[in-house]
Amino acid sequence: MTRKYNFCAGPAALPESVLEIARDDMLDWHGRGLSIMEMSHRSAEVVGVAEQAEQALRELLGVSDDYAVLFLQGGASTQFAAVPLNLLGANQAADYINTGQWSKKAIAEARRFGTVNVAATSEDTNFSTIPARDGWQLSDNAAYLHYTPNETIGGVEFFWTPEADAPLVTDMSSTILSRPINVDDYGVIYAGAQKNIGPAGLTIVIVRRELLGRAHDLCPAMLNWQVAAENDSMYNTPPTFALYLAQLVFAWLQGLGGLAAMADINRRKAQKLYAAIDGSDFYANPVDPACRSLMNVPFTLADDALDKVFLAESEEAGLLNLKGHRSVGGMRASIYNAVGEDAVDALIAFMQDFEQRNG
Ligand code: PMP
């Protein structure tokens, strides 16, 4: 068996060593004679895995006891609704920064539940920049300020943390665990798991405890963070297998040296790839160099008639899922934590060879 290089934007590559452990555990988890998938979520085994996952995530990100860590379902898209349902009061506004397709979806969903103020947008640059902080028009009565620190489709990333009086709410789906952050800067951090955490089906919410208890009367119990916190994320059956895999991924990250070590690797990977793109007349990346994503690298070919050939040949070469998002076209290489430096080297070598033959 040869494993191929996977540049998928999500569900994304998982560390091979994690998959090997899962394979070995599959039929008989730690001598129990069952797989972890077949055990009650109330069992000591599964509760233990959940506790270990929470502990490791707290250590990796530096999450204090002032925050609840929730393991939920529904993906980040469900949190687009849960955020206003948990935080937006009747006489308040919700401030949003629009930096791309995922910001837009969060904004559209929040509009169902109350007053939304788009405090800044980079749509006029086709989402290739981040609007400068001094131009943001924040509301006086904001319940929160929401932003998307990494736009998975556009490949735009914040390398600074916005400051505001209102609690900061952030969709970290495609950047979480890629580098250290200061959790205390945030009111709420949420993320779908299927990029840097584990398989799809698990959603993580990290919420400052003082923000619990503000939910709208009509907020469903399943979306209410306080209900989840009071029930240790077991108000209903959590995605136990996804949680188990996430715990293995967290342990893998800890073994690597944590987020500072991961960030060094991620920076190296991204720098190489952007350097290869910038160093050629054949490939181009449209994003302002000050906010180019470390995780998602979109690029175009000088002649888009060659896109299909590029995709077919790259797949043939064992480099999978390089097709850009349907809304932007071109290519996109997602180089999340589990995509090794060897994968990026192989991609660059392929790109250079392709250019020589077609440029
Ligand atoms: N936000 C961002 C930044 C994303 O990249 C994605 C998925 N690609 C989502 C939200 C939606 O996540 P989910 O599919 O988990 O709902």
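Quick note: structure is the one above.
For the structure given in this document, a descriptive report is provided here.

About the thresholds
- Residues numbered from 1 in each chain as written.
- Predicted model: local features only at pLDDT ≥ 70, side-chain atom pairs only at ≥ 80, totals over all residues.
- Heavy atoms only, no water.
- Helix = DSSP H or I, 4+ residues; strand = E, 2+ residues; numbered from the N terminus.
- Buried < 20%, exposed > 50% of the residue type's maximum accessible area, 1.4 Å probe, protein only.
- Contact = heavy atoms within 4.5 Å.
- Areas by Shrake-Rupley, 256 points an atom, 1.4 Å probe, with all protein chains shown as cover.
- Lys, Arg positive; Asp, Glu negative; His and termini not counted.
- Charge placed at Lys NZ, Arg CZ, Asp CG, Glu CD.
- Pairing = 2+ DSSP bridges.
- Axes fitted to C-alpha atoms, helices over the stretch in contact; angles between N-to-C directions.
- Parallel < 35°, antiparallel > 145°, perpendicular 65-115°, else oblique.
- Left-handed = near helix turned anticlockwise from the far one by under 90°.
- Nonpolar A, V, L, I, M, F, W, Y, C, P; charged D, E, K, R; others polar.
- Right-handed = clockwise from strand over helix to strand, strands pointing away.
- Polar contact = N/O pair within 3.5 Å; in protein donor to acceptor, adjacent residues only side chain to side chain.
- Phe/Tyr/Trp six-rings, centres within 6.5 Å; stacked < 30°, edge-to-face > 60°.
- Patch = residues over 30% accessible without salt bridge, like charges linked within 9 Å, V, L, I, M, F, W, Y side chains within 5 Å.
- Salt bridge = Lys/Arg side-chain N within 4 Å of Asp/Glu carboxyl O.

Description of the overall build of the chain
Now for step 1: Across its full length, the chain carries nine helices and 14 strands.
Now for step 2: The principal-axis extent of the C-alpha atoms belonging to the chain is close to 60 × 60 × 30 Å.
Now for step 3: By residue count, 53% of the 359 residues in the chain fall in the buried class.
Now for step 4: Partitioning the contacts of the chain with sequence separation of at least 6, the portion at a separation of at least 24 is 65%.
Now for step 5: Put simply, the chain shows about 15,700 Å² of open surface, and 48% of that area lies on carbon and sulfur atoms.
Now for step 6: In the chain, the 26 positive side-chain charges and the 44 negative ones have mean positions that sit 3 Å from each other.

Brief notes about the environment of Asp 25
Now for step 1: Position of Asp 25 relative to the elements: it lies in helix H1 (residues 16-25).
Now for step 2: For Asp 25, the residues in contact, after removing those within four places along its chain, are His 30, Ser 35 and Tyr 244.

Considerations on the sheet that holds strand E9 (residues 188-192)
Each strand in a sheet pairs with its neighbour through backbone hydrogen bonds, running either in the same direction (parallel) or in the opposite one (antiparallel).
Now for step 1: Judged by pairing direction, the sheet is mixed, and its seven strands sit side by side in the order E2-E10-E9-E8-E5-E3-E4 without closing on themselves. Two strands close off the open sheet at either side, each with one partner strand: strand E2 (67-72) and strand E4 (115-121). Between one strand axis and the next, the sheet turns by 20° as a mean value, whatever way the strands run.
Now for step 2: Bridge analysis of E2 against strand E10 (residues 203-208) gives six bridges, and the strand direction is antiparallel. If you follow Ala 68 over to E10, its bridge partner there is Val 207.
Now for step 3: Strands in contact with helix H3 (residues 75-87) are E2, strand E3 (93-98), strand E5 (142-147), strand E8 (168-171), E9 and E10; relative to E9, the strand with the most contacts, it is inclined by about 155°.

Quick look at the packing of H3 against helix H4 (residues 101-110)
Now for step 1: Where H3 meets H4, the axes come as close as 8 Å, and the angle between the chain directions of the two elements is 45°. Our classification of the angle between H3 and H4 gives oblique. Between H3 and H4 lies a crossing whose hand is right-handed. Contact residues: Phe 80, Ala 81 and Pro 84 in H3; Trp 102, Lys 105, Ala 106, Glu 109 and Ala 110 in H4.
Now for step 2: Looking at the contact of H3 with H4 residue by residue, the classes come out as six nonpolar, no polar and two charged.

Looking at the pairing of E4
Now for step 1: As defined by bridge partners, E3 adjoins E4 across six bridges and the pair is classed as parallel. Among the inter-strand pairings, Tyr 96 is bridged to a residue of E4, identified as Val 118.
Now for step 2: Chirality of the crossover, the property in question, places the unit of E3, H4 and E4 among those that are right-handed.

Concerning the side chain of Ser 314
Now for step 1: The topology assignment puts Ser 314 in helix H8 (residues 307-316).
Now for step 2: Separated by 3.0 Å, the side chain of Ser 314 and the backbone oxygen of Leu 311 make a polar contact.
Now for step 3: Those residues within four positions of Ser 314 in sequence are excluded, and the remaining contacts are Leu 319, Leu 322 and Phe 350.

Side note on the packing of aromatic side chains
Now for step 1: Evaluation of the coordinates by the stated rule reveals 14 aromatic pairs.
Now for step 2: Ring centres 5.8 Å apart and planes at 75° place the aromatic pair Tyr 96 and Tyr 144 in the edge-to-face group. With Tyr 96 in strand E3 and Tyr 144 in strand E5, this pair connects stretches of sequence that are 48 residues apart. Each member of the pair, Tyr 96 together with Tyr 144, is buried.
Now for step 3: On the basis of an interplanar angle of 75° and a centroid distance of 4.7 Å, the ring pair of Tyr 147 and Phe 158 is categorised as edge-to-face. Note that Tyr 147 is positioned in strand E5 and Phe 158 in the loop between strand E7 (156-157) and E8, a separation of eleven residues in sequence. The same class applies to Tyr 147 and to Phe 158, which are both buried.

Some details on a negative patch on the surface
Now for step 1: On the surface, Asp 65, Asp 66, Glu 163, Asp 184 and Asp 185 cluster together into a patch of negative charge.
Now for step 2: Within the secondary structure layout, Glu 163 lies in the loop between E7 and E8.
Now for step 3: Take Glu 163: its relative accessible area is 64%, and that puts it in the exposed class.

Re the environment of Thr 203
Now for step 1: Note on placement: Thr 203 falls in strand E10.
Now for step 2: Classification of Thr 203 as buried rests on a relative accessible area of 0%.
Now for step 3: Filtering out sequence-adjacent residues up to four positions away, Thr 203 remains in contact with Leu 70, Phe 71, Leu 72, Gln 73, Gly 74, Gly 75, Ala 76, Gln 79, Ala 191 and Gly 192.
Now for step 4: Within the local environment of Thr 203, its side chain forms a polar contact with the backbone nitrogen of Gly 75, the two atoms lying 2.8 Å apart.

Looking at the sheet that holds strand E12 (residues 296-301)
Now for step 1: Taken together, the three strands give an open sheet; going across it, the order is E11-E12-E14, and neighbouring strands pair in antiparallel fashion. A single partner strand is all that each edge strand has here, and the edge strands are strand E11 (283-284) and strand E14 (331-334).
Now for step 2: In this sheet, E14 lies alongside E12 in antiparallel orientation, the contact comprising four bridges. Counterpart to Val 297 in the pairing with E14 is Ala 333.
Now for step 3: The sheet strands contacting helix H7 (residues 258-278) are E11, E12 and E14, and the helix crosses E12 at an angle near 15°.

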